[in-house]
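# Observations on the three-dimensional arrangement
Residues per chain are reported as follows:
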Amino acid sequence: SDDASVSDQEKMLILEGALFVGLLLAAVTAGQDSCNVADGDRWDCGFVGTTQASCEADGCCWKPALQTNSSSNLRDTPWCFYPSDLENPCNDIKWSADSPGFTQEYYDIMYNNYAANLNIDGSGAVVAAPDT
């Protein structure tokens, strides 16, 4: 009966292994489906210099952009983008406000700096920082 017990244990290990492989394949397939996003619908996830490894480590998708015509500048440009099943983070942003978000004192300082940089020396030029 020990032989039957070992055989049952082996069967259980095989079953557990098959279940694990099945779940792993389902996760990979689901990830591939969520990465099937049209070029124009992709949200950038990376930055200049992002590699495929760092992109995927961040949970993002990596697919090169395809060249659509001969004048396109997207030829073989790698894209790191959020998967389609990611919730839009902009849904939680409050898009309206009761105030400008800064004090009147700060506004006055910035307005005076702006006005001081208009029409420099009567030339009509606007500069970011005059040489004084």
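## A closer look at the overall build of the chain
Each helix and strand counted, the chain has three helices and two strands in total. Beginning at the N terminus, the succession of helices and strands in the chain can be written as α-α-β-β-α. Here the chain holds 132 residues, and 13% of them are scored as buried. Considering only residue pairs separated by 6 or more positions, the chain has 44% of its internal contacts joining residues 24 or more positions apart.

## Let's talk about the packing of aromatic side chains
Applying the stated criterion to the full structure yields three aromatic pairs. Taken together through their ring pairs, the aromatic side chains of Tyr107, Tyr111 and Tyr114 make up a single cluster.

## Regarding the state of the cysteines
Under the counting rule described, the total for this entry stands at three disulfides. A sulfur-sulfur separation of 1.8 Å characterises the disulfide bridge that pairs Cys45 with Cys60. In this structure, the disulfide formed by Cys45 and Cys60 twists by about 45 degrees around the S-S bond and is classed as right-handed. Here Cys60 lies in the loop between helix H2 (52-57) and strand E1 (61-64) and Cys45 lies in the loop between helix H1 (2-34) and H2, a separation of 15 residues in the sequence. We note that Cys45, like Cys60, is buried. Through a disulfide, Cys55 is tied to Cys80; the S-S separation comes to 2.1 Å. Between Cys55 and Cys80, the S-S dihedral sits near 100 degrees, and the bridge is therefore right-handed. Highlighted residues: Cys55 in helix H2 and Cys80 in strand E2 (residues 78-81), separated in sequence by 25 residues. The same class applies to Cys55 as to Cys80, namely buried. Along the chain, the cysteines that take part in disulfide bonds pair up as 1-5, 2-4, 3-6, counted in sequence order.

## Overview of the confidence of the model for the chain
Low pLDDT means the predicted coordinates in that region are not meant to be read closely. On average, residues of the chain score 73 in pLDDT, and 60% of them reach the 70 mark or higher. At the level of individual helices and strands, the chain shows its lowest average pLDDT in H1, which scores 58, and its highest in H2, which scores 94. Segment residues 24-31: pLDDT under 50, and zero contacts once partners within four positions in sequence are set aside and those in other chains are kept.

## A look at the side chain of Ser34
Residue position: Ser34 is located in helix H1. In this structure, Ser34 is in contact with Cys61, Pro83, Ser84 and Asp85, ignoring residues within four places of it in sequence.

## A word on a nonpolar patch on the surface
Residues Phe102, Tyr106, Tyr107, Ile109, Met110, Tyr111, Tyr114 and Leu118 make up a contiguous nonpolar surface patch of roughly 800 Å² in combined accessible area. With respect to the helices and strands, the residue Tyr106 is situated in helix H3 (residues 104-116). On the basis of relative accessible area, Tyr106 is assigned to the partly exposed category, the value being 44%.

## Concerning the side chain of Thr50
With respect to the element layout, Thr50 can be found in the loop between H1 and H2. Only 2.7 Å separates the side chain of Thr50 from the backbone nitrogen of Phe47, close enough to count as a polar contact. In contact with Thr50, not counting residues within four places along its chain, are Cys55, Trp62 and Cys80.

The rules behind each value
Residues numbered from 1 in each chain as written. Predicted model: local features only at pLDDT ≥ 70, side-chain atom pairs only at ≥ 80, totals over all residues. Heavy atoms only, no water. Helix = DSSP H or I, 4+ residues; strand = E, 2+ residues; numbered from the N terminus. Buried < 20%, exposed > 50% of the residue type's maximum accessible area, 1.4 Å probe, protein only. Contact = heavy atoms within 4.5 Å. Phe/Tyr/Trp six-rings, centres within 6.5 Å; stacked < 30°, edge-to-face > 60°. Disulfide = S-S within 2.5 Å. pLDDT = per-residue confidence, 0-100. Patch = residues over 30% accessible without salt bridge, like charges linked within 9 Å, V, L, I, M, F, W, Y side chains within 5 Å. Areas by Shrake-Rupley, 256 points an atom, 1.4 Å probe, with all protein chains shown as cover. Salt bridge = Lys/Arg side-chain N within 4 Å of Asp/Glu carboxyl O. Polar contact = N/O pair within 3.5 Å; in protein donor to acceptor, adjacent residues only side chain to side chain.

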